[in-house]
Amino acid sequence: MKRRFFRIFLFLLLSLSGNTIEAQDADRAITPLTWDGTLRRIHVPILMYHYVGEIPANADDMRINLTVETAAFRAQMQYLRDNRYTTISLYDLYAALMRGASLPPNPVVLTFDDGYLGHYTTVFPILQERGFTGTFFIITARADANNPEHLNWQQIREMSDANMDMESHTKDHVELDAQDYDSIVYQVLGSLESLRYYTGREAYFFGFPVGRYNENTLNVMQTLPVWAAVTTQPGTLQTTDRLLEMPRVRISHDTSIAAFARLLSP
Ligand SMILES: [Zn+2]
């Protein structure tokens, strides 16, 4: 009897000591929602950014095209604010698709690919100033290697603690249509596990590097704890039956505010 009591005491003690991580997870679902059977199609633009910041002197055309300069990014965020858009997370969008959870008027998801340093130095403060949230697709081996052009784990943790969603973009940015089963599992599951370990939060979303995948990739993904994945296919219509192939809206160096406004509309 005494022994049993001790065990219960020990259990309570252990549960309490695990509280920091549980408290952070408390506001987000940690099990996949069961689909209620309703096929839904919702217009939600998922904006896709790569580099945000100033253009280095030695930049080639590709680097320039992938960069939204700071002033342009600020103007775009101001446009969202002025036109009463609300930034939501992929967790919000997922709940809306699966269970019909309500979304705020004019929802938009901001996504940032590749975990560039500018996402911490430029994007993060601009989003925080406005109370916006963003989803960052991290190439986790770049963080493991302390690659100076990419976010390190400390920065990733800080952003995660500030309610930014840090999600998977594989470990090594490999194109998944060219990988076998073991490699896909290693790249996807391995990066999700690193994110969970370093942020203390769950991660269930994925971005396909270079937008590459095929039937085989999707079959393997279905066996992994990935709730939804974003692609580089253009579009704003999110549907229950294509959770692993969510379309996005590419924002490039030359996207004017007029074009930005057009891209957001259905
Ligand atoms: Zn990428």
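Structure report, in brief. Keep in mind that this is a model prediction, so the values were computed, not measured.

Cut-offs used in this document
- Residues numbered from 1 in each chain as written.
- Predicted model: local features only at pLDDT ≥ 70, side-chain atom pairs only at ≥ 80, totals over all residues.
- Heavy atoms only, no water.
- Donors = N, O, S within 2.8 Å, 3.2 Å for Na, K, Ca; no water.
- Helix = DSSP H or I, 4+ residues; strand = E, 2+ residues; numbered from the N terminus.
- Buried < 20%, exposed > 50% of the residue type's maximum accessible area, 1.4 Å probe, protein only.
- Polar contact = N/O pair within 3.5 Å; in protein donor to acceptor, adjacent residues only side chain to side chain.
- Contact = heavy atoms within 4.5 Å.
- Axes fitted to C-alpha atoms, helices over the stretch in contact; angles between N-to-C directions.
- Parallel < 35°, antiparallel > 145°, perpendicular 65-115°, else oblique.
- Left-handed = near helix turned anticlockwise from the far one by under 90°.
- Nonpolar A, V, L, I, M, F, W, Y, C, P; charged D, E, K, R; others polar.
- Core = buried A, V, L, I, M, F, W, Y, C linked by side-chain atoms within 4.5 Å.
- Phe/Tyr/Trp six-rings, centres within 6.5 Å; stacked < 30°, edge-to-face > 60°.
- Lys NZ or Arg CZ within 6 Å of the ring centre and 35° of its normal.
- Salt bridge = Lys/Arg side-chain N within 4 Å of Asp/Glu carboxyl O.

### Let's talk about the coordination of the zinc ion
(1) Moving on: Note on the zinc ion: its protein donors are D114 (OD), H169 (NE2) and H173 (NE2). The metal-donor distances range over 2.1 Å.
(2) Moving on: Taken in sequence order, the residues that donate to the zinc ion follow the motif D-x54-H-x3-H. Note that D114 is positioned in the loop between β6 (107–113) and α6 (118–130) and H173 in the loop between β8 (165–168) and α9 (181–199), a separation of 59 residues in sequence.
(3) Moving on: Looking at H173, the relative accessible area reads 23%, which means it is partly exposed.

### Some remarks on the side chain of T236
(1) Moving on: Note that T236 resides in the loop between β10 (228–234) and β11 (237–239).
(2) Moving on: Of the polar contacts made by the side chain of T236, one reaches the side chain of H43; its length is 2.9 Å.
(3) Moving on: Not counting the four nearest positions on each side in its chain, T236 is found in contact with I42, H43, V44, P45, P247, V249, L263, S265 and P266.

### Side note on the packing of helix α4 (residues 70–82) against helix α11 (residues 257–264)
(1) Moving on: Two elements in contact, α4 and α11, have axes separated by 10 Å at closest approach and are oriented at 50 degrees. Comparing the axis directions of α4 and α11 gives the class oblique. Where α4 crosses over α11, the two elements pack in a sense that is right-handed. Along the contact surface, α4 presents A75, Q76, Y79 and L80, while α11 presents I257, F260, A261 and L264.
(2) Moving on: Classifying every residue of the contact of α4 with α11 gives 7 nonpolar, 1 polar and no charged.

### Details of the nonpolar core
One broad trend across soluble globular proteins is that nonpolar side chains are buried collectively.
(1) Moving on: If you look at the biggest cluster of nonpolar residues, it comprises 46 residues, and the most contacted ones within it are Y49, F73 and L127.
(2) Moving on: The greatest single-element share of this core, amounting to 5 residues, is contributed by α9.
(3) Moving on: Discounting chain neighbours no more than four positions away, the residues touching L127 are F73, M77, L110, F112, F132, T133, G134, F136 and M164.

### Regarding the packing of aromatic side chains
(1) Moving on: For the structure shown, the criterion picks out 17 aromatic pairs.
(2) Moving on: Where Y49 meets F73, the ring centres are 5.2 Å apart and the plane angle is 85 degrees; that geometry is what we call edge-to-face. In this pair, Y49 sits in strand β2 (residues 46–49) while F73 sits in helix α4, placing the two residues 24 residues apart along the sequence. No difference in accessibility class separates Y49 from F73, as the two residues are buried.
(3) Moving on: Of the aromatic side chains, those joined through ring pairs into one cluster are Y91, Y94, Y204, F205 and W227.
(4) Moving on: The positively charged end of R63 is found above the aromatic ring belonging to Y51, 3.5 Å away from the centroid.

### Quick notes on the pattern of salt bridges
(1) Moving on: Per the stated rule, a full pass over the model turns up 9 salt bridges.
(2) Moving on: Here D113 ties to R248 by a salt bridge, and the two come within 2.9 Å at their closest N and O atoms. With D113 in strand β6 and R248 in strand β12 (residues 246–250), this residue pair connects regions lying 135 residues apart in the sequence. Of the two residues, D113 and R248, both sit in the buried class.

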